[in-house]
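Structural overview
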Amino acid sequence: IKAGDDDPLEVVVSVPESKSKRGWFYAGESLQDIVNFVNTETLSGFLGHQKPDNVDTEFPTPVTHWVGAKWEDGKAYFRGVVDKVAPDLKRWVRGGLPKFQSLVFPR
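Residues numbered from 1 in each chain as written. Predicted model: local features only at pLDDT ≥ 70, side-chain atom pairs only at ≥ 80, totals over all residues. Heavy atoms only, no water.

With that out of the way, let us pick up the overall build of the protein chain. Counting its secondary structure elements, the protein chain contains two helices and seven strands. Helices (α) and strands (β) of the protein chain occur, in sequence order from the N terminus, as β-β-β-α-β-β-β-α-β. The C-alpha atoms of the protein chain give 14 Å as radius of gyration, which agrees with the globular expectation for 107 residues (13 Å, within 12%). Along the first, second and third principal axes, the C-alpha set of the protein chain runs to 40 × 35 × 30 Å. Here the protein chain, with 107 residues, has 29% of them falling under the buried criterion. For the protein chain, contacts bridging at least 24 residues in sequence account for 56% of all contacts bridging at least 6. (Helix = DSSP H or I, 4+ residues; strand = E, 2+ residues; numbered from the N terminus. Rg over C-alpha atoms; globule rule 2.2 N^0.38 Å. Buried < 20%, exposed > 50% of the residue type's maximum accessible area, 1.4 Å probe, protein only. Contact = heavy atoms within 4.5 Å.)

Written out as structure tokens, the structure is:
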């Protein structure tokens, strides 16, 4: 994933078992299912949230590749690589945005 990227960036995001700012409840069991999925299949991340009605017909460009995950102390931790097609996202992450980024690995 990082091959050919002159500015690679890895991130780790933590998602606690809790209610989100959007009002969604992230149950521990659901988060553990996502952790298991990422560890067996990987997962692509996109900028923003896709509307459920558009999932079958819309194919946004992935900007983060979630390549590993673990469940620890009531939190899911997801390790990702920001895609080389997303220089704006890399700049935002390094600048502290979005706020959900818990750890940033320097290149």
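Turning our attention to the nonpolar core. Ranked by size, the top nonpolar core spans 16 residues in total, and within it Val-11, Trp-66, Phe-78, Val-82 and Leu-89 carry the most contacts. Top element by residues in this core is strand S1 (residues 9–16). It accounts for four residues. (Core = buried A, V, L, I, M, F, W, Y, C linked by side-chain atoms within 4.5 Å.)

Along the polypeptide, Asp-83 turns up in the loop between strand S6 (75–82) and helix H2 (87–94). Lys-84 provides the closest opposite charge to the buried, unpaired Asp-83, separated from it by 6.7 Å. A polar atom in the side chain of Asp-83 sits 2.9 Å from the backbone nitrogen of Val-85. (Lys, Arg positive; Asp, Glu negative; His and termini not counted. Salt bridge = Lys/Arg side-chain N within 4 Å of Asp/Glu carboxyl O. Polar contact = N/O pair within 3.5 Å; in protein donor to acceptor, adjacent residues only side chain to side chain.)

Another point: the environment of Leu-9. Relative to the helices and strands, Leu-9 is located in strand S1. Taking the C-alpha atoms as reference points, Leu-9 and Leu-43, 34 residues apart in sequence, are found 17 Å from one another.

For the rest of this paragraph, the subject is H2. Side chains that are three or four residues apart share a direction in an α-helix, a result of its 3.6 residues per turn. Along H2, the positions that sit buried rather than exposed are Leu-89, Lys-90 and Val-93. Along the axis of H2, the buried positions cluster into a sector of 100 degrees, meaning they face one direction only. Along H2, the residues that are exposed and aim more than 90 degrees away from the buried face are Pro-87 and Arg-91. (Arc of directions from axis to C-beta.)

What follows deals with a nonpolar patch on the surface. Residues Ile-34, Phe-37 and Leu-43 make up a contiguous nonpolar surface patch of about 240 Å² in total accessible area. For Phe-37, the location among the structural elements is in helix H1 (residues 28–41). (Patch = residues over 30% accessible without salt bridge, like charges linked within 9 Å, V, L, I, M, F, W, Y side chains within 5 Å. Areas by Shrake-Rupley, 256 points an atom, 1.4 Å probe, with all protein chains shown as cover.)

The subject of this paragraph is the pairing of S6. Relative to S6, S1 runs antiparallel, the two sharing eight bridges. Looking at S6, one finds that Leu-9 is bridged to Val-82. Relative to S6, strand S5 (residues 64–72) runs antiparallel, the two being bridged by eight bridges. Directly across from Glu-72, in S6, lies its bridge partner Lys-75. Connecting S5 to the antiparallel partner S6 that follows it, the hairpin turn spans two residues, and Asp-73 within it adopts a positive phi of roughly 55 degrees. (Pairing = 2+ DSSP bridges.)

Before going further, it helps to examine the pairing of S5. Taken together, the three bridges between strand S4 (residues 43–45) and S5 define a ladder with antiparallel strand orientation. When the sheet's bridge partners are listed, Leu-43 is paired in S5 with Trp-66.

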